[in-house]
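If you want the building blocks of each chain, they are given just below.
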Amino acid sequence: MMSIGEFAALTGLSVKALRLYDEQGLLSPASVDPWSRHRRYSAAQFDQALRLKVARCADLPLAEAPGLLSDTESAAAVLAEHRSVLAAERKRQDAALDMLDRLLAGPVEWQTEVRQTQAQHWVGAALTETGDAEADTDRANALFGELWNRLSEAGNPPVGPFWSTFRAVPGSETEIQVLCCWPVAKLPPADWDVESGTVEPGVELVVRSNFEQDAPIVDGAAHPAVLALLTAAEVRSAEVSLAQVRQIGMFEQDRVVGVEVAVPLTG
């Protein structure tokens, strides 16, 4: 029999770790002196101790350790699942490193344009983002389709490409809504349960982004064209807010090929 210190030295586990494993019921001492409470371990426990030691090096969660200490089939299943988790994490890390390489290579040169705009009525509906980019995109596309059908059936079909803008949810500091809009020839009746308004005539700053353009897009961040637009507006000392930024679909032969990002120049 060995003291906890001796067992720790032989297995590479710390005394603190052995005490934790005892508390968790993963590796209890072979015996405990009833008076001194000193823990004693046996050589028969080397195998489980070494499994726990290596599991720590492999970043295996403590909650998965019981399966690792079980029969061979259960232990193999735990290892297979953990390998899958690690592979996914390595893939995520590799993608992040590749993105850093692209960002460090220098910013994309975006072409900006200043143009005169005319007054344009619009009809829109808002949805609150969930944080799931793919699901939010599907919901927005469905909402655009519903609005198109409803406007067309009412004899007031869209007269140009769709656009969207972001805005804070009233009363919340963290939730963001997307307002999905279609330009129309006339405002809808007052009893329609949609939002509507008019883009005032004026001058706006525009950045165009084609889907084929090789721009680094960081998950969870705004499209780089939006960031480029806001940077260009700041350079011009323009006073803009995120709610003023419109992302307008770019079409070629009835196919969306990119997006225009526009903001009024009022500063």
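Placed above this text is the structure.
Conventions we followed
Residues numbered from 1 in each chain as written. Predicted model: local features only at pLDDT ≥ 70, side-chain atom pairs only at ≥ 80, totals over all residues. Heavy atoms only, no water. Pairing = 2+ DSSP bridges. Helix = DSSP H or I, 4+ residues; strand = E, 2+ residues; numbered from the N terminus. Axes fitted to C-alpha atoms, helices over the stretch in contact; angles between N-to-C directions. Contact = heavy atoms within 4.5 Å. Expected span 1.5 Å × (residues − 1). Buried < 20%, exposed > 50% of the residue type's maximum accessible area, 1.4 Å probe, protein only. Arc of directions from axis to C-beta. Parallel < 35°, antiparallel > 145°, perpendicular 65-115°, else oblique. Left-handed = near helix turned anticlockwise from the far one by under 90°. Phe/Tyr/Trp six-rings, centres within 6.5 Å; stacked < 30°, edge-to-face > 60°. Lys NZ or Arg CZ within 6 Å of the ring centre and 35° of its normal.

A. The arrangement of the sheet that holds strand E5 (residues 120-128) in detail. The eight strands lie next to each other as E4-E9-E11-E10-E6-E7-E5-E8, forming an open sheet whose pairing is antiparallel. The sheet is open, and its two borders are formed by strand E4 (112-117) and strand E8 (195-199), each paired with just one other strand. Strand-to-strand, the axes of this sheet are offset by a mean angle of 35°, without reference to chain direction. In the packing of helix H7 (residues 224-235) onto the sheet, contacts are made with E4, strand E9 (202-210), strand E10 (246-252) and strand E11 (255-264), and the angle to E9 comes to roughly 145°.

B. Region of interest: helix H6 (residues 133-153). Helix length check: H6 (21 residues) gives 30 Å between terminal C-alpha atoms against 30 Å at 1.5 Å per residue, within 8%. Every buried residue belonging to H6 is among Asp136, Ala140, Leu143, Phe144, Leu147 and Leu151, and all of these are buried. Within H6, the buried residues cover an arc of 105° as seen down the axis, which keeps them to one side. Among the exposed residues of H6, those oriented more than 90 degrees off its buried face are Glu134, Glu146 and Glu153. Buried residues belonging to H6 abut E5, strand E6 (163-168) and strand E7 (176-184). Following H6 by one or two positions, Gly155 has its phi on the positive side, about 75°.

C. Spotlight on the packing of helix H1 (residues 4-11) against helix H3 (residues 46-57). Packing of H1 against H3 leaves a shortest axis separation of 10 Å and a crossing angle of 60°. Between H1 and H3, the crossing angle belongs to the class labelled oblique. As for the relative orientation of H1 and H3, their crossing is right-handed in sense. Contact residues: H1 offers Phe7, Leu10 and Thr11, while H3 offers Phe46, Ala49, Leu50 and Lys53.

D. Geometry of the packing of aromatic side chains. On inspection of all chains with the given rule, the structure shows eight aromatic pairs. Ring geometry for Phe144 and Phe162: centres 4.8 Å apart, planes at 45°, overall tilted. Of this pair, Phe144 sits in helix H6 while Phe162 sits in the loop between H6 and E6; the two residues are 18 residues apart in sequence, bridging distant segments of the chain. Overall, the relative accessible area of 9% leaves Phe144 in the buried class. Three or more aromatic residues joined by ring pairs make a cluster, and in this case those are Phe144, Trp148, Phe162, Trp182 and Phe251. Residue placement shows Arg246 over the ring face of Trp163; its charged tip is 5.1 Å from the ring centre.

Remember, this is a structural readout, not a statement about activity or role.
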